Amino acid sequence: VNREWKNRTLKTIIKNTNKQVQVFAPTTSFSYNEQISTICSQLEHEAVARGHKVFMITGVGESEGKSTVAGNVAAALALKGHKVALVDCDLRNPSVAKLLRMTDAPLLGDYLEGSVLMDRVITPTEYKKMYVVAGGIEKGVSQKALRMNRLAELIQAARQQFDLVILDTAPCSLLADALELTELMDGALMVIRQDFATQEQILDGVQCLTDGRLAVLGCVFNGVAAGTGYGYGYGYGHGYGYGYGYGYGSKYGSKYGSKYGQKT
């Protein structure tokens, strides 16, 4: 998926006014829409061929664009006529509500704690046939909540009500939150941003998902700069904003830096 700037005109750059998901924006490029449509076609194939409905979109680190990809994929599926639910299961760093400009939506964390009913937490959006379960920062409740039966009940209800369900989860190689969900999922897509993740982190993430017996449908290579071709380099030493400081050097030591920092 190519890098797509939300603010493409001088006016929107200055005011930073374009906050909507890209597939609904009139200034979004044709190539970006087609790339998102290709991802949707893969999920539609899984739904038709195997009866799969619930898909996880995850990554290996912060700021790789997984929430943006999840939001645009869900929106594009809704544009195709599917009734879609987008569930923000990243309780530590939720982004879906901000992406869709939803300020007063009930939160998934409140539902998991029992303070909000299921029919209220599934919120309709301004986009036809697209519904959202917004996340929310809930300190200390994340893993306990994700293991609760209430989430399984929510996913099961979504299976019955919607054609497709997209879950935006925490990075699978950083936190156990995403792994708690694997038994509820039919498949996973891993978003990998150009020049962010290391080879080892990607392999760790795939291994975590497959250990949970979840089918990895593929990887979305995100944020690709125009004209870069097929050669790209994996950077290392990035710290992620989930309180773990998961920099590449801190985990694997400096001896791997020269090997995995090279262009691949």
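This is a predicted model, so every value here is computed, not measured. (Residues numbered from 1 in each chain as written. Predicted model: local features only at pLDDT ≥ 70, side-chain atom pairs only at ≥ 80, totals over all residues. Heavy atoms only, no water.)

Colleague: Whenever I open this one, the packing of aromatic side chains confuses me. Can you help?
Modeller: If you walk through the whole model with that rule in mind, you get one aromatic pair. An angle of 65° between the planes, with centres 5.3 Å apart, marks the rings of tyrosine 131 and phenylalanine 162 as edge-to-face. Here tyrosine 131, found in strand 4 (residues 130–133), pairs with phenylalanine 162, found in the loop between helix 8 (149–161) and strand 5 (164–168); they are 31 residues apart in sequence, far enough to count as distant. Overall, phenylalanine 162 belongs to the buried group, its relative accessible area being 2%. Between the NZ or CZ atom of arginine 150 and the centre of the ring of tyrosine 111, over which it lies, the distance is 4.2 Å. (Phe/Tyr/Trp six-rings, centres within 6.5 Å; stacked < 30°, edge-to-face > 60°. Helix = DSSP H or I, 4+ residues; strand = E, 2+ residues; numbered from the N terminus. Buried < 20%, exposed > 50% of the residue type's maximum accessible area, 1.4 Å probe, protein only. Lys NZ or Arg CZ within 6 Å of the ring centre and 35° of its normal.)

Colleague: I keep staring at the sheet that holds strand 2 (residues 84–88) and nothing clicks. Help me out?
Modeller: Within a sheet, each strand pairs with its neighbour through backbone hydrogen bonds, oriented either parallel or antiparallel. Pairing in this open sheet of seven strands is mixed, and the strands run 3-4-2-5-1-6-7 from one edge to the other. Two strands close off the open sheet at either side, each with one partner strand: strand 3 (123–124) and strand 7 (216–222). With six bridges joining them, strand 6 (residues 187–193) and strand 7 adopt parallel strand pairing. Within strand 7, the residue paired with isoleucine 192 across the bridge is phenylalanine 221. (Pairing = 2+ DSSP bridges.)

Colleague: What should I look at first to understand the packing of helix 2 (residues 30–50) against helix 3 (residues 66–79) in this one?
Modeller: Two numbers describe how helix 2 lies on helix 3: the axes approach to 9 Å, and their chain directions differ by 75°. For the element pair helix 2 / helix 3, the angle class is roughly perpendicular. Contact residues: helix 2 offers Tyr32, Ile36, Ile39, Cys40, Leu43 and Glu44, while helix 3 offers Thr68, Val69, Asn72, Val73, Ala76 and Leu77. Taken together, the residues that form the contact of helix 2 with helix 3 break down as nine nonpolar, two polar and one charged. (Axes fitted to C-alpha atoms, helices over the stretch in contact; angles between N-to-C directions. Parallel < 35°, antiparallel > 145°, perpendicular 65-115°, else oblique. Contact = heavy atoms within 4.5 Å. Nonpolar A, V, L, I, M, F, W, Y, C, P; charged D, E, K, R; others polar.)

Colleague: Would you explain the pattern of salt bridges in this entry?
Modeller: If the charged atoms of two oppositely charged side chains come close together, the side chains can form a pair. Counting across every chain of the model gives six salt bridges. Between glutamate 44 and lysine 80 there is a salt bridge, with the nearest N and O atoms lying 3.2 Å from each other. Pair noted here: glutamate 44 is in helix 2 and lysine 80 is in the loop between helix 3 and strand 2, with a separation of 36 residues, a long-range link. Exposure remark for lysine 80: the relative accessible area of 39% places this residue in the partly exposed category. (Salt bridge = Lys/Arg side-chain N within 4 Å of Asp/Glu carboxyl O.)

Colleague: Is there a simple way to think about the side chain of lysine 66 in this case?
Modeller: Relative to the assigned elements, lysine 66 resides in helix 3. Separated by 2.9 Å, the side chains of lysine 66 and aspartate 168 make a polar contact. Reaching out from lysine 66, the side chain makes a polar contact with the backbone oxygen of threonine 169 at a distance of 2.8 Å. (Polar contact = N/O pair within 3.5 Å; in protein donor to acceptor, adjacent residues only side chain to side chain.)

Colleague: I'm lost on the confidence of the model for the protein in this one. Help?
Modeller: One rule of thumb: low pLDDT means the predicted coordinates there are not for detailed reading. Confidence in the prediction of the protein, expressed as mean pLDDT, is 77, and 73% of residues score 70 or more. Below a pLDDT of 50 lies the segment residues 230–264, which in the model reaches 74 contacts outside its immediate sequence neighbourhood of four places, other chains included. (pLDDT = per-residue confidence, 0-100.)

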